[in-house]
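Coordinates in review
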Amino acid sequence: MFQAMYEIFGLNPFYSANMAQLLSGWADICNEEFRSMQLYTFFGIIMLASTAFVYVLQYHIIDRARFSGPAWWWLFGGLAFVFNYVFALLYMLNLFKYGELRFDCDVEFFKVIYTTDFILFPLDNALWSLIFFALISCPPLFRKLSRNCFNTTAFTH
């Protein structure tokens, strides 16, 4: 599910097929499975949980009239966006810096992942975070439970 979601923005235009292969846990050049759980699934779960937390923080924990309005929606949506971008970026950089390489061909596999992939996959992750934040906060279904922020969406107050 998450693999299809992350690849909607375009696998090759957004990040390389080699990065997608790593994220999906496919076999590397040595024909060894890289991970037991897809990184797509890992990042998807973290993205959904952190974005849901930001939604709950704005609409149910803080829930003050002072923090309602489109500017605050964009601030909290931006908070989810930045967190998910930085988390994915740092995780991927850490994986490539300290990742366990079992064979020489693992090193060769890591060499075919481009530097721009480290910018563009986290951007993809952050964009999905903002989209998910809009999906749960713009329709009135979940906002109705808020005492003060029930009218707060991206463009209306």
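Scroll up a little and you will see the structure.
Residues numbered from 1 in each chain as written. Predicted model: local features only at pLDDT ≥ 70, side-chain atom pairs only at ≥ 80, totals over all residues. Heavy atoms only, no water.

Running from N to C, helix α4 (residues 39-62) and helix α7 (residues 117-137) point in directions that differ by 40°, and their axes come no closer than 9 Å. On the basis of the axis angle, α4 is oblique to α7. The two elements α4 and α7 cross, and the hand of that crossing is right-handed. Contact residues: α4 offers Tyr 40, Phe 43, Met 47, Leu 48, Thr 51, Ala 52, Val 54, Tyr 55, Gln 58 and Tyr 59, while α7 offers Phe 121, Asn 125, Trp 128, Ser 129, Phe 132, Phe 133, Ile 136 and Ser 137. For the contact of α4 with α7, the residue count by class is 13 nonpolar, five polar and no charged. (Axes fitted to C-alpha atoms, helices over the stretch in contact; angles between N-to-C directions. Helix = DSSP H or I, 4+ residues; strand = E, 2+ residues; numbered from the N terminus. Parallel < 35°, antiparallel > 145°, perpendicular 65-115°, else oblique. Left-handed = near helix turned anticlockwise from the far one by under 90°. Contact = heavy atoms within 4.5 Å. Nonpolar A, V, L, I, M, F, W, Y, C, P; charged D, E, K, R; others polar.)

What follows covers unusual backbone geometry. Phi is positive for Asp 63, which is not a glycine, with a value near 40°. You can see Asp 63 is positioned in the loop between α4 and α5 (70-98). The class for Asp 63 is buried, based on a relative accessible area of 2%. (Buried < 20%, exposed > 50% of the residue type's maximum accessible area, 1.4 Å probe, protein only.)

Let us now look at the packing of α4 against α5. α5 packs onto α4 with a crossing angle of 155° between their chain directions and a minimal axis gap of 10 Å. The pairing of α4 with α5 is recorded here as roughly antiparallel in orientation. The handedness of the crossing between α4 and α5 comes out as right-handed. Residue-level contacts link Leu 39, Phe 42, Phe 43, Ile 46, Met 47, Ser 50, Thr 51, Val 54, Leu 57, Gln 58, Tyr 59 and Ile 62 of α4 to Trp 72, Trp 73, Phe 76, Leu 79, Ala 80, Phe 83, Asn 84, Phe 87, Ala 88, Tyr 91, Met 92 and Leu 95 of α5. Grouping the constituent residues of the contact of α4 with α5 by class yields 20 nonpolar, four polar and no charged.

What follows concerns the environment of Phe 87. One can find Phe 87 in helix α5. Exposure remark for Phe 87: the relative accessible area of 24% places this residue in the partly exposed category. Distance from Phe 87 to Ala 126, taken between C-alpha atoms, is 9.4 Å for residues 39 residues apart in sequence. In contact with Phe 87, other than residues within four places in its own chain, are Phe 42, Phe 43 and Ile 46.

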